[in-house]
Structures are given as C-alpha cells and as structure tokens.
Amino acid sequence: MNIGIDARWIFPEMSGIGTYTRELIRHLVLLDRINEYELFFDRLQVAEQTAAAARLGEAPNFHVRHVPFGPFAPHGQVRLPALLRDLKLDVFHSPNYMIPLLAFGTQKPSRRRLKCIVTIHDLIPLLFPEHTPKALKVRFLPVFRWILRQVGARADLILTVSESSRRDVLRELRIPPARQDTVVAVPNGVAPEYRPAAKKPLGYRTILYVGRFDPYKNIPGLLETFRQVTQRMRENVRLRIVGSPDPRYPEAAARAKELGIDGRVEWAGYMAGADLVKAYQQADVFVLPSKYEGFGLTVLEAMACGTPVVCSRRSSLPEVAGQAAVLVDPDNPGEMADALVRVLGDPQLAASLRDKGMSQAAKFTWARTAAMTLKAYEFAVKG
C-alpha cells in the first residue's frame, strides 16, 4: 500500500492530537517496513523534530513531504487533492477531523482508488458549545457541523479514540446503520518515557493538573476544590497547573486571587518531553476535573509515572481510568476535595492507586494503536 498521513496536525507546542500523530508515525516506523508512507508537513522544523523522534532516517519506506499550506488553508483544499492523485496513494489518513473534501466525493466511495481514513477525537464544540465559547469552531458552529457531517459521509473509515467518542460520532454525524461498522474505536497509548522515578522531598505536597484552559476543563471548579483542600489539611499543599496560558480564557488566575489561594498555585506554563514526565513523577496526586474528554491521555500518563489519579466520571474517563482512579463529579467541588484529601492523607490508598494505575496504563500502548491503525488501512483498501 501507498499510505499518506497528514502530519500537519503536529504543532510546535504539542497537544493531544499532535502527540497522537507523532506517536502513530513513530510506532508505524517500528511496525511496518513493507508499505510506503508519505508524511505531509507544513512546518520544516516540526518535520525535522518528528523525523528525529521517529528515526525516519532508518526507515526508507517513510518519506517526508513539505506542503506550503496548513490543514485549514482554503487553497489547500484545492491543491492537496491534486497532490494525492499524483502520488497514487491508496490511503490518506487525517489524524483530525479536517480532510481535503474535494479528494473524496460522497457518491459510491467504494469505487474510489484512494481511501479516506479520519480520526475524530471528540465532538466537544458540537456537543457542548458553551464549554468552548471563544473557539472558532463554536463561533462558526453551523460551518463546523457541516464540515463534520461531510467528513462522516465521505470517509471510508472513521477512527475514534474511545467507545464514548464512537457513540457521539455515530449519533451526531448521523452515520446510517449500514455504515456503523466503519466507525472504529482505536484507543490512544502511553509512550515508554512515562515511568516512575524516585520523588525528591520538596517540603510540600503537590496536586498536579496538566491540560488546556478551555471551560470544559473546569479550572475554576478545580480552584474551588483546591481552596477546600487547603482548609482541611494541615500540611502545606500546592496546586501546580501545567499548560499554555490561553488569552481567551483569563478567568482562572483572577479566580485564584478571589479565593485567596494564588500564593499556593503555580502556573507552570507549557511543558513537554522530560520536563512533563518529571512533573508527573514528582506530583503526589494528579487531578483531571474535566466535564468532557474524548480520551483523557493525561490520566494514563500520570498513572504510568506511578502517580495516583483523581478524575471526573464523565464521558470517556471511566473507560480509560477503569478501577485505577478515584472518580468524582466535576460539578461538585466538595466531592473532588474529599477525594484529594483522602489520597493525600492515606498512604495505603495512594499506594493502591499507584499500583492499579501502573497496571491500567500498561494496557494502553502506542504499539497497539499503530497495529490497530495499520489493520484499518488494510481493511479500507480491501473494501
């Protein structure tokens, strides 16, 4: 097979989708030396970094191809289909919802030589527009909905990252019963770099959050939860928030000051690589209070590092966390505070969660993700 992967979804600051795309490429390199791959990048520096991380120099069947337009560029919708035809690809895989629509008509897709596979991680803007009120996808919601339904009609296979997301895709994209087997859940994995390490004494206990600042992530609720934790614990406890500040949502820092806890909150900013792994390793408990997650990769990353987890019981998180986390109602700061106080104050509970978490995280590997994705490519080509 000749397979194209749209690597333009790997941005300079890694997100969940960027991590998914990079790790998929990295593990396909390890798995497949038979099929030919074209990797499309729009940023040369990102291409170089990905090539180094995936050791593409040792994989002659993987080819880096630069295109001078991003995944949302209107002229790319015209230029990319022509390039795909010239390359005589069998499969084109977009690791996120946007595809070159003109390359894939809606009439009798089974007759097309070029098969389309798209990964849809979540439908947050569609399901809960109030959770991302300033995102472009919400400001132009009718356009976003139209694009998603066009993608659903044109894709030969839709990959999702959890059964929860799969149910949402089937319902919201109006996938007819005859095509529901073309929507497949392929879970994410955890990179081997995420592993336990000895904790260094810091003189205080650390609650860690890693992620974005969009309203669905529930940072104000986390801050209220942390205020209650500080009131109930005699120990010095701090909240460390890792993630790039989002100027669209500046409310969190102001809320911390209103609650009188800003001196105990560390806004650590964006982290990646070894720094992010160390942040997980040194935390006493990880918390994810989201109201919705397509997968919740940070839960598994924390577990793999041996850090106990408290997370929401909404959407995909129960299937990802299994029995290895304390699940809470994200709309109930008191319940979240109870859980964090219990984990911080009970060494036996923390040790149990640590052991269960490491076992749970071990079930999710990028090698398995790559193997399942390769089978999806083969299935699409065979029709």
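Our structure's up above, just so we're on the same page.
Described in the following lines is the structure provided in the data block. (Residues numbered from 1 in each chain as written. Predicted model: local features only at pLDDT ≥ 70, side-chain atom pairs only at ≥ 80, totals over all residues. Heavy atoms only, no water.)

**Describing empty space enclosed by the protein**
Applying the stated criterion to the full structure yields 1 cavity of 30 Å³ or more. Considering only enclosed or pocket space, the largest cavity measures out at about 60 Å³ in volume. D6, R8, G70, P71, A73, G76, Q77, L80, M98, I99 and P100 are the residues that line the largest cavity. Sort the elements by how many residues they give to the lining of the largest cavity and helix α3 (residues 76–86) lands first, with 3 residues. For the lining of the largest cavity, the per-class residue count stands at 6 nonpolar, 3 polar and 2 charged. (1 Å grid on protein atoms, 1.4 Å probe; cavity = no way out; pocket = protein on both sides within 12 Å on 5 of 7 lines; lining within 4 Å. Points joined across faces, edges and corners; volume = space filled by probe spheres on them. Helix = DSSP H or I, 4+ residues; strand = E, 2+ residues; numbered from the N terminus. Nonpolar A, V, L, I, M, F, W, Y, C, P; charged D, E, K, R; others polar.)

**Considerations on the pattern of salt bridges**
A side chain of one charge can pair with a side chain of the opposite charge if their charged atoms are brought near each other. On inspection of all chains with the given rule, the structure shows 25 salt bridges. Linking R205 and D284 is a salt bridge whose minimum nitrogen-to-oxygen distance equals 3.3 Å. Placement of R205 in strand β8 (residues 205–210) and of D284 in the loop between α10 (273–282) and β11 (285–288) is noted, with a sequence separation of 79 residues between them. For D284, a relative accessible area of 17% gives the class buried. Residues R232 and D338 are paired through a salt bridge, measuring 2.6 Å at the closest nitrogen-oxygen approach. With R232 in helix α8 (residues 219–232) and D338 in helix α13 (residues 333–345), this pair connects stretches of sequence that are 106 residues apart. When its relative accessible area of 36% is taken as the criterion, D338 is described as partly exposed. Linked by salt bridges that have partners in common, R22, E23, R26 and E193 make up one network. (Salt bridge = Lys/Arg side-chain N within 4 Å of Asp/Glu carboxyl O. Buried < 20%, exposed > 50% of the residue type's maximum accessible area, 1.4 Å probe, protein only.)

**A closer look at the side chain of D284**
Side-chain polar atoms of D284 contact the side chain of R205, separated by 3.3 Å. A polar contact of 2.7 Å, which involves the side chain of D284, links it to the backbone nitrogen of T206. (Polar contact = N/O pair within 3.5 Å; in protein donor to acceptor, adjacent residues only side chain to side chain.)

**Quick word on the sheet that holds strand β13 (residues 326–328)**
Spatially, 6 strands are ordered β10-β9-β8-β11-β12-β13 in an open sheet, and the strand pairing comes out parallel. The open sheet has two edge strands with one neighbour each: β10 (265–269) and β13. In this sheet, neighbouring strand axes are inclined to one another by 25° on average, regardless of whether the strands run parallel or antiparallel. Bridge count for strand β12 (residues 309–312) against β13 is 3 bridges, and the pairing is parallel. Of the residues in β13, the one forming a bridge with C311 is L327. Packed on one face of the sheet, α10 meets β8, β9 (237–242) and β11 and runs near 135° to β8. (Pairing = 2+ DSSP bridges. Axes fitted to C-alpha atoms, helices over the stretch in contact; angles between N-to-C directions. Contact = heavy atoms within 4.5 Å.)

**Considerations on the packing of aromatic side chains**
Under the counting rule described, the total for this entry stands at 13 aromatic pairs. Relative to F62, the ring of Y37 lies with its centre 4.2 Å away and its plane at 5°, an arrangement referred to as stacked. Of this pair, Y37 sits in strand β2 (residues 36–41) while F62 sits in strand β3 (residues 62–66), and the two are 25 residues apart along the sequence. Each member of the pair Y37 and F62 is classed as buried. Put simply, the rings of W9, F11, F72, Y97 and F144 touch in pairs and so form one group of aromatic residues. Just above the ring of Y204 sits the side chain of R238; from NZ or CZ to the centre is 4.1 Å. Over the face of the ring belonging to F364 we find R368, whose NZ or CZ atom lies 5.6 Å from the ring centre. (Phe/Tyr/Trp six-rings, centres within 6.5 Å; stacked < 30°, edge-to-face > 60°. Lys NZ or Arg CZ within 6 Å of the ring centre and 35° of its normal.)

**A closer look at helix α14 (residues 347–361)**
Each turn of an α-helix holds 3.6 residues, which means side chains three or four residues apart point in the same direction. Across its 15 residues, α14 extends 21 Å between first and last C-alpha, which sits within 8% of the 21 Å expected from 1.5 Å per residue. Regarding α14, the residues found buried are L349, A350, L353, G357, Q360 and A361. Looking down the long axis of α14, one finds its buried residues gathered within 95° of arc, a one-sided arrangement. Exposed and oriented more than 90 degrees from the buried face of α14 are P347, Q348 and D355. Elements that come into contact with the buried residues of α14 comprise α11 (297–304), β12, α12 (317–321), β13 and α13. Measuring from the backbone nitrogen of Q348 back to the side-chain oxygen at the start of α14 gives 3.1 Å, which picks out D346 as the cap. (Expected span 1.5 Å × (residues − 1). Arc of directions from axis to C-beta.)

**Some words on the pairing of β3**
Bridge count for β2 against β3 is 5 bridges, and the pairing is parallel. Across the sheet, residue F40 finds its bridge partner in β3, namely R65. Of the crossover connections in this fold, the one passing from β2 over helix α2 (residues 44–54) to the parallel β3 is right-handed. (Right-handed = clockwise from strand over helix to strand, strands pointing away.)

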